[in-house]
Structures are given as C-alpha cells and as structure tokens.
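# A structural walkthrough
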Amino acid sequence: MNTIPQIKSLAAAQSASEAQSAASLSVVMEFLSNTAPDKVEAAAQRLAAPDATYISLNFNNPELQKILPWTGTNKGPEAFSNLFLQLADYWKTEDFTVTDKLASGEDVAIFGKFTYRSIAVDRVFTSPFSVHAKVRDGKMIYFQFMEDTYASASSFRQSGSWTVKTSEDAGPFKVGKE
C-alpha cells in the first residue's frame with residue numbers, strides 16, 4: 001500500500017526527471033538555433049563539454065570524408081563548431097525545420113528536415129535528419145547527427161554514374177547521370 005510520503009517521493013522524482021528532460025532539450029535546441037557561422041563557435045564553447053563526442057553521419061568512413069570532410073567521430077567543442085563552419089563553405093541552407101523533439105533525462109532526440117543548395121554545382125536536395133544527444137550538467141556530452149548521405153554527397157556530383165548490383169537475383173543497373 002502506498003503511503004503519502006511514498007507518493008510525494010515518487011512525484012518529486014518524476015518532477016526532477018521532467019526538469020532534467022526539459023533542461024537537456026533546451027541545451028540541444030539552443031545549439032541548433034546557433035549554428036550560423038557567426039554564432040556557432042561561441043555556442044559550441046558554451047554548450048558542449050570539453051570532451052564531448054560529435055558523430056556526423058558515420059563513425060569513420062575515409063571515402064565519404066573525401067566528399068564530406070567533417071564526417072566521422074570527433075571530440076570537443078571544436079568538433080561542433082568546425083562542422084558547421086565547413087558546412088557553410090559547401091552549402092547554402094535554404095530550410096532547416098525541426099518537426100519533432102523528445103527528451104528523457106539526459107537523452108534528447110530531434111527529428112526534422114532540411115534543404116541545402118550546394119555552392120559548387122548549385123544542386124538542391126532535401127533530407128530528413130535525426131539527432132541523438134546526451135546532456136549532462138548543462139553541457140552536451142554526445143551528439144550524433146544523421147541525414148541522407150547519398151543525397152548530400154550527390155549534391156556535389158558533376159558527372160558520372162555507378163553500376164550497381166544489389167542482390168544475386170537482380171540485374172545490374174546504373175544510378176546517376178552519365
């Protein structure tokens with residue numbers, strides 16, 4: 001049987017968890033709201049822990065890094081700011097929309113879509129994105145950003161195609177323009 005002190009203790013714990021969730025979400029949203037080149041370095045220093053991990057698109061893919069040099073696993077506030085500073089050299093952001101956001105304690109999940117225009121070849125693409133972040137003591141300690149890497153890398157394609165065979169039963173086919 002629950003007693004009044006047990007119910008109050010449970011309510012206090014739930015309230016503390018909700019407060020932690022709201023605080024974690026606030027930190028991540030503040031960072032995402034300050035990724036412009038003139039704001040991102042200060043935001044990263046203020047909101048990312050000194051040993052924070054930033055994973056962009058994959059853990060480590062040297063071939064993709066030739067196209068998108070910021071990809072992979074990087075550490076520290078500089079990983080957060082360098083990524084967005086490089087993005088500004090590659091793409092013009094035409095839209096960045098958060099559609100859903102969830103937080104549970106230190107864990108935050110953000111979902112949305114963005115539209116970028118490549119500066120070098122003027123190709124536009126729209127991609128869904130997702131973020132999984134962890135916030136501890138008011139600082140991001142982990143941030144993983146995922147997007148449609150095929151679309152983002154293809155936004156730089158000038159020419160060429162691949163011949164692809166996806167399964168034993170399927171015939172080869174070409175993707176991309178010759």
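Below is a short write-up of the structure. Only a predicted model underlies this, so the values are computations on that prediction, with no experimental measurement involved.

### Considerations on the overall build of the protein chain
Helices and strands together make up the secondary structure of the protein chain, namely five helices and eight strands. Sequence-ordered secondary structure for the protein chain, helices as α and strands as β, is α-α-β-α-β-α-β-β-β-β-α-β-β. Against the globule reference of 16 Å for 178 residues, the protein chain gives a C-alpha radius of gyration of 20 Å, more extended than a compact globule. Seen along its three principal axes, the alpha-carbon backbone of the protein chain occupies a region of about 75 × 45 × 25 Å. For the protein chain, the residues scored as buried account for 37% of the 178 residues in total. In the protein chain, the proportion of contacts linking residues at least 24 apart, taken out of those at least 6 apart, comes to 50%. Summed over its atoms, the accessible surface of the protein chain is roughly 10400 Å², and 54% of this surface lies on carbon and sulfur atoms.

### As for the sheet that holds strand E4 (residues 107-118)
A sheet is described by the order of its strands in space; here six strands give the open sequence E2-E1-E6-E5-E4-E3, paired in mixed fashion. Single-partner strands in this sheet number two, and they are strand E2 (72-75) and strand E3 (91-104). If you compare each strand with its neighbour and ignore which way they point, the axes differ by 15 degrees on average. Looking at chain direction, strand E5 (residues 124-136) and strand E6 (residues 139-147) are connected through eight bridges and run antiparallel.

### A word on the pattern of salt bridges
Scanning all chains against the criterion turns up five salt bridges. Note that glutamate 30 and arginine 46 form a salt bridge whose closest N and O atoms lie 2.9 Å from each other. Here arginine 46 lies in helix H2 (residues 40-47) and glutamate 30 lies in helix H1 (residues 4-32), a separation of 16 residues in the sequence. Owing to a relative accessible area of 31%, glutamate 30 belongs among the partly exposed residues under this scheme. The salt bridge involving aspartate 107 is made with lysine 134; its shortest N-O contact spans 2.6 Å. Here aspartate 107 is found in strand E4, whereas its partner lysine 134 is found in strand E5, with 27 residues between them in sequence. Aspartate 107 gets classed as partly exposed once you look at its relative accessible area, which sits at 26%. Among the residues examined, lysine 134 registers a relative accessible area of 23% and is labelled partly exposed.

### Examining helix H4 (residues 77-90)
With 14 residues, H4 extends 21 Å from end C-alpha to end C-alpha; this agrees with the ideal 20 Å at 1.5 Å per step. By the burial criterion, the buried members of H4 are Pro77, Ala79, Phe80, Ser81, Leu83, Phe84 and Leu87.

### Description of the packing of aromatic side chains
Ring pairs (aromatic) are described by centroid distance and by the angle formed between their planes. If you walk through the whole model with that rule in mind, you get 20 aromatic pairs. Joined through ring pairs, the aromatic side chains of Trp70, Tyr90, Trp91, Phe96, Phe114, Tyr116, Phe125, Phe129, Phe145 and Phe156 make up one cluster.

Cut-offs used in this document
- Residues numbered from 1 in each chain as written.
- Predicted model: local features only at pLDDT ≥ 70, side-chain atom pairs only at ≥ 80, totals over all residues.
- Heavy atoms only, no water.
- Helix = DSSP H or I, 4+ residues; strand = E, 2+ residues; numbered from the N terminus.
- Rg over C-alpha atoms; globule rule 2.2 N^0.38 Å.
- Buried < 20%, exposed > 50% of the residue type's maximum accessible area, 1.4 Å probe, protein only.
- Contact = heavy atoms within 4.5 Å.
- Areas by Shrake-Rupley, 256 points an atom, 1.4 Å probe, with all protein chains shown as cover.
- Pairing = 2+ DSSP bridges.
- Axes fitted to C-alpha atoms, helices over the stretch in contact; angles between N-to-C directions.
- Salt bridge = Lys/Arg side-chain N within 4 Å of Asp/Glu carboxyl O.
- Expected span 1.5 Å × (residues − 1).
- Phe/Tyr/Trp six-rings, centres within 6.5 Å; stacked < 30°, edge-to-face > 60°.

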